[in-house]
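# Working through the structure, step by step
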Amino acid sequence: MHAEAPLAKTIAANLAEVRARIAAAAHAAGRDPAGIALVAVGKTHGAAYIEAALGAGQRVFGESRVQEAQGKFPPLKSAHGDLVLHLIGSLQTNKAHEAVALFDVIETLDRPKLARILAKEMDKAGRRPECFVQVNTGEEPQKAGVLPLEADEFIAFARDDLGLPVTGLMCIPPLDEEPALHFTLLAAMAERNKLAHLSMGMSADFEAAIRFGATHVRVGTAIFGAREPR
Ligand SMILES: *Cc1c(COP(=O)(O)O)cnc(C)c1O
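Remember, it's a predicted structure, so these values are computed and weren't measured experimentally.

### So, the site of the ligand
Close to the ligand lie Val41, Lys43, Ser64, Ile88, Ile172, Met202, Ser203, Arg218, Val219, Gly220, Thr221 and Arg227, which account for all nearby residues. Arginine 227 is positioned with one of its side-chain polar atoms (N or O) 2.8 Å from an oxygen atom of the ligand. In isolation the ligand has 390 Å² of accessible area, and contact with the protein removes 88% of it. A breakdown of the residues in the shell around the ligand according to their chemical character gives five nonpolar, four polar and three charged.

### Comments concerning the packing of aromatic side chains
Following the criterion strictly, the structure yields two aromatic pairs and no others. Relative to phenylalanine 73, the ring of phenylalanine 61 lies with its centre 5.9 Å away and its plane at 50°, an arrangement referred to as tilted. Separated by 12 residues along the polypeptide, phenylalanine 61 in strand 2 (residues 60-63) and phenylalanine 73 in helix 3 (residues 66-79) bring together distant segments of the chain. Phenylalanine 61 gets classed as buried once you look at its relative accessible area, which sits at 0%. With a relative accessible area of 0%, phenylalanine 73 lands in the buried category.

### Details of the pattern of salt bridges
Per the counting criterion, the structure on display carries 12 salt bridges. A salt bridge links glutamate 63 to lysine 72, with the shortest nitrogen-to-oxygen separation between them at 2.8 Å. For the pair formed by glutamate 63 and lysine 72, the shared burial category is buried. Arginine 192 is paired through a salt bridge with aspartate 152; the nearest N and O atoms lie 2.8 Å apart. Residue arginine 192 is located in helix 7 (residues 179-192), and its partner aspartate 152 is located in helix 6 (residues 148-161); the two are separated by 40 residues in the primary sequence. Classification of arginine 192 as partly exposed rests on a relative accessible area of 47%. For aspartate 152, a relative accessible area of 30% corresponds to the partly exposed category.

Calculation notes
- Residues numbered from 1 in each chain as written.
- Predicted model: local features only at pLDDT ≥ 70, side-chain atom pairs only at ≥ 80, totals over all residues.
- Heavy atoms only, no water.
- Near = heavy atom within 4 Å.
- Polar contact = N/O pair within 3.5 Å; in protein donor to acceptor, adjacent residues only side chain to side chain.
- Areas by Shrake-Rupley, 256 points an atom, 1.4 Å probe, with all protein chains shown as cover.
- Nonpolar A, V, L, I, M, F, W, Y, C, P; charged D, E, K, R; others polar.
- Phe/Tyr/Trp six-rings, centres within 6.5 Å; stacked < 30°, edge-to-face > 60°.
- Helix = DSSP H or I, 4+ residues; strand = E, 2+ residues; numbered from the N terminus.
- Buried < 20%, exposed > 50% of the residue type's maximum accessible area, 1.4 Å probe, protein only.
- Salt bridge = Lys/Arg side-chain N within 4 Å of Asp/Glu carboxyl O.

Rendered as structure tokens:
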């Protein structure tokens, strides 16, 4: 028998640890761990990293950039029919066509123009990836996402007027702030808009996010290791 490659071994061990931490956080919050999806974020890492995670049973992945995902995922999706791919980075309207073809969940719906184009592309493609609305809970000027005060109206527009399959919300709290406030805000917004999914929490704060109701945690570094700067 061949020894497992060191990369595969490391990633499998990291995944096992993250899954154990998710289960512990869920139990501590009185929640069923099965209600929390681990989105493994492999951005900047090559396909070998994704293959290692697939080998360890991981099936849900997140990527920030359409082009990078197009370079890595089509063969992996062909080989694994149950692979689920989330777009977690900003989507330019000129990439909407490609995004609808490749992704299963688009977590970064954040403006009317993008909503209109996604609706059109989904009609054309006959493929309807679920959409999460990204909310800029910290109201940071450099960050994508609808402002909290505009979120309810935007959700209604995208879901009810355009008929987009909006099923959840996503946020990235400011780096230098206590994330709990942002997680609470997002959870309340999902509840009043009757949205079932909450994508919040990353390597540094996914346990807190689970405490506040996250159904999807997006974890990169804790699984795949540190990233080289782009
Ligand atoms: C990169 C990224 C993550 C993963 O971050 P880590 O800190 O490496 O876990 C999660 N969400 C988004 C939107 C990202 O861009």
